[in-house]
Each structure stands twice: as structure tokens, then as C-alpha cells.
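Fold and contact review
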Amino acid sequence: MMTEPAKPKEDLCLAEATTDPNESSVISTSVEELLQDGETVLLVSRPSPWFVLIDGGWAYLLMITIALFFAWLGHQVWAPIDVPETQVFPALAAAITIRVVWKLLDWANRIYVLTDRRIIVRRGVFQFSMIEAPLNRIQHSAIFTRLLERILGMGTVGFATAGSGTFEIVWEMVPAPIEVHRVVNEAIERYGRGGSGT
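Note that the structure is a prediction, hence the values are computed from the model and not measured.

So, the side chain of Arg110
Within the secondary structure, Arg110 sits in the loop between helix H4 (85-108) and strand E2 (111-115). Ignoring any residue separated from it by four or fewer positions in sequence, one finds Arg110 in contact with Ser45, Arg46, Pro47, Phe51, Arg122, Arg123 and Glu172.

Structure representation (C-alpha cells):
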């Protein structure tokens, strides 16, 4: 899924939320409920679909390793337990399926929003959480990409507020991170440091 502004224009920072009922799909209900009165959406994004497999990928490797170990153990005469392969690999498939479904729900419920006032992260499957920072408080930003993420064209963008030594706002594994970083920085300059961000 490509990162797009709420309403495409030549300058992404000038993108505005639409109130046209025919374009209601552009700004979803989950985004609308985050907005304050008079607030304009500049950018809406979420992690790349690769997030489902890559985030916490060690869990898949761990499950496969455990399954292979039990399959190998089942062929050893000295093994204290006998777990047939007909049970090991269906159990592995079930565990991976549960993990993928959970990560799909996690991915579907993560929304990154840039407005003319704030940067927002909304996430949570069973428990809703929202992290936000006013544009005029953002002091530093950075892009983090691992090798696999670079190959797949995604990366993580972090934002730190004044007086903080950490990145409080993190947009994980977004597609086209350099472009996203540029759009957010333009918004910070225009609405945060330059004027109307509150």
C-alpha cells in the first residue's frame, strides 16, 4: 500500500481533507475520530504490508526451529518423548497462522496521520492507544532502515520533541520513507515553526 496524502495535489503538504461525501473513503472514520475542530489532514499512512512478516520475524524463526527440533527428536531412540511428525508440522502451521492473523490485525489498526497541527500514531487491536506531538514541538527527525527494509522500499521515521532524548513518535516500516520524511518536515516548517501549528 503506497503512502498517499488525503487528497493528492502537486505539493503534498498542501493536501487537504475532503468533506465531499463521494470521497469519504479518502479520510476513514478511524482518522476522522482523531481530528480536532478545524484540523486539516495532510498525510495518512500505515506500515507496509511487509510489516506482517518482518516485524518480530524472530518469532517465525523460533517456531520453525522448535518444530524442526521436535521432528528431529522424534527420530532419536534415546529421546524421552516421542512426538510424531504428523503432529509437529500441523502444530507449526497452526502457530504460524495465528501469528500472521495477529500481525494482520496489528497492521490494520496502525494509522499514521500528519495534520496541520500534529503528528499522530494510532494503534491497538484490543486496546486503543494514540501518541501525538504538536508540529511546533518537533525538534529532530530521522530515518532508520535495515538492509531488508531498504530492499523492500520501506523504513522507519522517528520524531523527537523539544527537551527529549528519544523519538516519541515513530512511524514504523512506512513505504517510501524519504518522501514521507520530506512531507512531514515541510509541514513542520510551514505549520509548526512557520506559523499556525499549535
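With respect to a nonpolar patch on the surface
There is a patch of nonpolar side chains on the surface, built from Phe69, Trp72, Val77 and Trp78 and spanning about 530 Å² of accessible area. Position of Trp78 among the secondary structure elements: in the loop between helix H3 (58-73) and H4. Under the relative-accessibility criterion, Trp78 is labelled exposed at 55%.

Things to note about the sheet that holds strand E1 (residues 41-45)
A sheet is described by the order of its strands in space; here four strands give the open sequence E1-E2-E3-E4, paired in antiparallel fashion. Each edge of the open sheet is held by one strand with a lone partner, namely E1 and strand E4 (129-134). Going across the sheet, the axis of each strand differs from the next one's by a mean of 15°, ignoring polarity. The pairing of strand E3 (residues 118-123) with E4 spans six bridges and is antiparallel. Looking at E4, one finds that Arg123 is bridged to Ser129. Contacts between helix H6 (residues 177-193) and the sheet are confined to E1, E2 and E3, with E1 contributing the most and set at about 155° to the helix.

Regarding the pattern of salt bridges
In the structure shown here, the tally under the stated rule is 10 salt bridges. The shortest N-O distance in the salt bridge between Arg122 and Glu33 comes to 3.7 Å. On the criterion of sequence distance, the pair formed by Arg122 in strand E3 and Glu33 in the loop between helix H1 (29-32) and E1 is long-range, its members being 89 residues apart. A salt bridge links Lys103 to Asp55, with the shortest nitrogen-to-oxygen separation between them at 2.6 Å. With Lys103 in helix H4 and Asp55 in the loop between helix H2 (51-54) and H3, the pair connects residues that are 48 residues apart, well separated along the chain. Residue class for Asp55 comes out buried when judged on its relative accessible area of 18%. One continuous salt-bridge network, built from bridges that share partners, spans Asp55, Lys103, Asp106, Arg110 and Glu172.

Each value, and the rule that gives it
Residues numbered from 1 in each chain as written. Predicted model: local features only at pLDDT ≥ 70, side-chain atom pairs only at ≥ 80, totals over all residues. Heavy atoms only, no water. Helix = DSSP H or I, 4+ residues; strand = E, 2+ residues; numbered from the N terminus. Contact = heavy atoms within 4.5 Å. Patch = residues over 30% accessible without salt bridge, like charges linked within 9 Å, V, L, I, M, F, W, Y side chains within 5 Å. Areas by Shrake-Rupley, 256 points an atom, 1.4 Å probe, with all protein chains shown as cover. Salt bridge = Lys/Arg side-chain N within 4 Å of Asp/Glu carboxyl O. Buried < 20%, exposed > 50% of the residue type's maximum accessible area, 1.4 Å probe, protein only. Pairing = 2+ DSSP bridges. Axes fitted to C-alpha atoms, helices over the stretch in contact; angles between N-to-C directions.

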